[in-house]
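Examination of the molecular architecture
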Amino acid sequence: MEDAESSVLPPVPVPVGVVGEDDHDQDHDQDQESRQSAQLDAEAETEAERPQQKLLRLPLSRIKGLIKADPEVTLASQEAVFAIGKATELFVEVIAKDAYTFALQAKRKTIQRKDLDHAVDAADEFAFLEGTLE
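Residues numbered from 1 in each chain as written. Predicted model: local features only at pLDDT ≥ 70, side-chain atom pairs only at ≥ 80, totals over all residues. Heavy atoms only, no water.

1. Remarks on the pattern of salt bridges
As a reminder of what qualifies: Take a side-chain nitrogen of Lys or Arg and a carboxyl oxygen of Asp or Glu: if they are within 4 Å of each other, that pair is a salt bridge. Helix and strand definitions here come from DSSP, where helices need a minimum of 4 consecutive H or I residues and strands a minimum of 2 consecutive E residues; each element is numbered from the N-terminal end. When a residue's accessible area, from a 1.4 Å probe over protein chains only, is under 20% of the maximum for its type it is buried; when over 50% it is exposed; and in between it is partly exposed.
Following the criterion strictly, the structure yields 3 salt bridges and no others. Glu 89 is the salt-bridge partner of Lys 86, the closest N and O atoms lying 3.9 Å from each other. Of this pair, Lys 86 and Glu 89 both sit in helix α5 (residues 78-105), 3 residues apart, which is roughly one turn of the helix. Two residues, Asp 115 and Arg 108, come together in a salt bridge whose shortest N-O distance is 2.8 Å. In this structure Arg 108 comes out as buried when scored by relative accessible area, which is 19%.

2. Some words on a negative patch on the surface
What counts, and what does not: Note that patches include only residues with greater than 30% relative accessible area and no salt bridge, and the join distances are 9 Å for like charges and 5 Å for nonpolar side chains (Val, Leu, Ile, Met, Phe, Trp, Tyr). Values of accessible area rely on a 1.4 Å probe in the Shrake-Rupley scheme; residue burial ignores everything except the protein chains shown. For the purpose of counting charges, residues Lys and Arg are taken to be positive, whereas Asp and Glu are taken to be negative. His and the chain ends are not included. The location of each charge is read from NZ of Lys, CZ of Arg, CG of Asp or CD of Glu.
A cluster of acidic side chains, namely Asp 121, Asp 124, Glu 125, Glu 130 and Glu 134, defines a negative patch on the protein surface. Checked against the element boundaries, Glu 130 lands in the segment after α6 (113-122). Here Glu 130 falls in the partly exposed class, since its relative accessible area comes to 46%.

3. As for the nonpolar core
Note the threshold: Each nonpolar core is a collection of buried residues, namely Ala, Val, Leu, Ile, Met, Phe, Trp, Tyr and Cys, held together in the definition by side-chain atoms within 4.5 Å.
Core analysis: the biggest nonpolar cluster contains 6 residues, these being Leu 56, Leu 60, Ile 63, Ile 67, Val 81 and Phe 82. Among the elements of the structure, α4 (60-68) and α5 are those that each provide at least two residues to this core. It is α4 that contributes the most residues to this core, 3 residues altogether. Membership of the second largest hydrophobic core comes to 5 residues, among which are Ile 95, Ala 123, Phe 126 and Leu 129.

As structure tokens, this is what we get:
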């Protein structure tokens, strides 16, 4: 019989660049995490570049034009234009819902001027509009 030392095979050298399965799985997981992180970063940059487009339905250029039409306003930041646009959207949404309620009470689906008049008269928050629709 041979010695135990002679029956043991010598270690096989691993070529450079070849990794074991465990190492490969870890590298694959890290690569996947890196790709996901890069994708999220790219999406965040894209959203940061155009947040107003997603969050606002009114065109910012029109809002900016209306602001510039006021002779007392000399400069308005992009954030101010966005805030005014968002406030306008919320205002229109609230008054339109109130006016629609009055249209439904009159068994109509179309909002008419008289529905807006009723909405303005019924809500204290619209008191500043009284007489403006005449």
